[in-house]
Structures are given as C-alpha cells and as structure tokens.
Amino acid sequence: MADHSDSSSSSMVRLNIGGKKFCTTLDTLTQREPDSMLAAMFSGRHTICQESEKGLVDEVKAVLSKRKEDEELGTELTRIDIIKCIQSDRVRFRGINLSGLDLSKLDLSFVDFSYACLKTVFFSRANLQCAKFRDVDAEASIFHNATLRECEFTGANLRGAVLAGANLQSANLQDACLIGCSFCGADLRSAHLQTADLTNANLEGANLEGANLKGAKLTNANLKGANLQRAYLRHVNLRDTHLEGAKLDGANLLGAIR
C-alpha cells in the first residue's frame, strides 16, 4: 500500500510492503537511485495502488514486467523466424535488429545482414560463406569456428568479437573495427584487412598468408606464431606488435616500422 502526503519540500510517501511500513519522500525514491525499480514506480508513469491490502506486490510485478520489456534488446525476429526466412532465395536482413539471437549452426550463406544490429549474436559453427555484413554493429558477437569465406565486413564494428577458429579466407574486412577481437587459429588467407583497426586483437596462430594489411593498425596486436608469409605489410607500424615465432617469409615489409 502507498499513501501520499504533501510536504513543503516534497511529497511524503508511506509504504506498506508485506506488512512492514516505511516512510520516505518522493525525492528520495525518484532521485537518489533514478534507475531503481521504486524510482520507476513513483515516476508518474505508473498508477500506484493506494488502498489494496496487498500492498505494492501487484504494482511491483507490473513494473518489473514493464521494465523487463523496456530493457529487452529490441530484437525484431526469433531464431525460428530466421530459419523460416532462409528457406527462400536472396534472404536479406538489412538494418534489422537481431541482437542476442542464437544463430549457431545455421546455413546463412549469401544472406545480406548489411547495416543490421548484431550485438552478441551467437554465430558459432554457422555457414556464412559469402554473407554480407557491411557496416553492421556486431560488437561482442561470437563467430567461433564459423565459415566466413569471402564474406564482406567492410566498415563493420566487430569490437570484442570472437572469431577464433573461423574460416575467413578471402574475406573483406577493410576499414573494419576489430579492436580486441580474437582470431586465434583463424584462417585469414588472402583476407583484405586494409586500414582495419586490429588494436589489441589476438591473432596468435592465425593463418594470414597472402593477406593484405596495408594501413592496418596493429598496436599491441598478438601475432605470435602467426603465418604471415607473402602478406602485404608495406608501411605498417609493427613496433608494438608481438611477432614472436611468426612466419614472415616472402612478406612485403617495405617501409614497415619495426
């Protein structure tokens, strides 16, 4: 039960929660912890029961339900929806919010995800060959052991994404944000990484044979044991890059800073 009383500084509120009575002010409830459940309840957006013997139990449940809905990622489709869609040819999810979905092990080859919001999507072991991820926001998504051959990630945000063990042969990652990504053991042969930001990325044991890294940022990147044979590294700053055990036979290092 909630009872409101006027005060010169702020309205007083008396709460009866499970038989225990509390007295406070609206300012305390709404301003001290503005993101709390009680702040939401007394914000004026909800009708507060003032007479029910149940106290605030019903109101708490209603507000909790509403806040849960408000805090959802706003995903527009479910995994089942995706499975139904990929039965058709030329599937496009351009600009759609699919954040948080589990799309693991699905055949999503040739699907167009351009401009979509794919935060924390689980793509592990999915077949994404030739899929398009142009300018997507796929921060912290999981592509572990996924097939990403010839995919387009131009301008994509993959900050913190996990691509360990993924097949990225001939993938286009130009201008992509790959900060803090994990590419451990990934196959990046002939990949296009021009001007990509690989700051703090982990490429330990990755196969980058013939990859183009022109203009890429490799500050504090881990390339220990990586295969960089015949890779294009002209004018790349490798001063703060970890290259212990990396294979550089035939790599183009003209003008590279080491």
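What counts and what doesn't
- Position numbers for residues count from 1 along each chain, tracking the sequence in the order it is written.
- Predicted model: local features are reported for residues with pLDDT of at least 70 only, side-chain atom pairs are reported and counted for 80 or more only, and whole-chain, interface and lining totals are derived from all residues.
- Side-chain figures throughout are based on the complete set of non-hydrogen atoms in the structure, without hydrogens or water.
- The helix count covers DSSP runs of H or I at least four residues long, the strand count covers runs of E at least two residues long, and both are numbered beginning at the N terminus.
- Partly exposed residues are those whose accessible area sits between 20% and 50% of the maximum for their type, while under 20% is buried and over 50% is exposed, using a 1.4 Å probe and protein chains only.
- Any two residues whose heavy atoms approach within 4.5 Å at even a single point are treated as in contact.
- Salt bridges, as used here, are contacts in which a Lys or Arg side-chain nitrogen is within 4 Å of a carboxyl oxygen on Asp or Glu.

Visitor: Please give an account of the side chain of Asp112 that cites residues and values.
Guide: Structurally, the position occupied by Asp112 is in the segment after helix H4 (79–85). Judged by its relative accessible area of 7%, Asp112 is buried. The residues contacting Asp112, other than those within four sequence positions of it, are Val91, Arg92, Phe93, Arg94 and Lys132.

Visitor: Just give me the short version of unusual backbone geometry, but keep the residues and values in it.
Guide: One non-glycine residue with positive phi stands out, namely Ala140, at about 65 degrees. If you trace the backbone, Ala140 turns up in the segment after H4. The exposure class of Ala140 is partly exposed, given its relative accessible area of 33%. Even without being a glycine, Asp175 presents a positive backbone phi close to 60 degrees. Checked against the element boundaries, Asp175 lands in the segment after H4. Residue classification places Asp175 among the partly exposed residues on the basis of a relative accessible area of 47%.

Visitor: Run through the pattern of salt bridges, naming residues and quoting values.
Guide: Opposite charge on two side chains lets them pair, provided their charged atoms get close. Under the definition given, this model contains seven salt bridges. The salt bridge partner of Arg134 is Asp135, with a shortest N-O separation of 3.9 Å. The exposure class of Arg134 is partly exposed, given its relative accessible area of 34%. A network of salt bridges, in which partner residues are shared, links Arg134, Asp135 and Glu152.

Visitor: Tell me about the environment of Cys177, and name the residues and values.
Guide: Mapped onto the elements, Cys177 comes out in the segment after H4. The buried category is assigned to Cys177, whose relative accessible area is 18%. As for Cys177 and Lys217, which are separated by 40 residues in sequence, their C-alpha atoms are 9.9 Å apart. Those residues in contact with Cys177, other than ones at most four positions away along the chain, are Ala156, Asn157, Leu158, Arg159 and Asp197.

In short, the description is geometric, and any link to function would need to be established separately.
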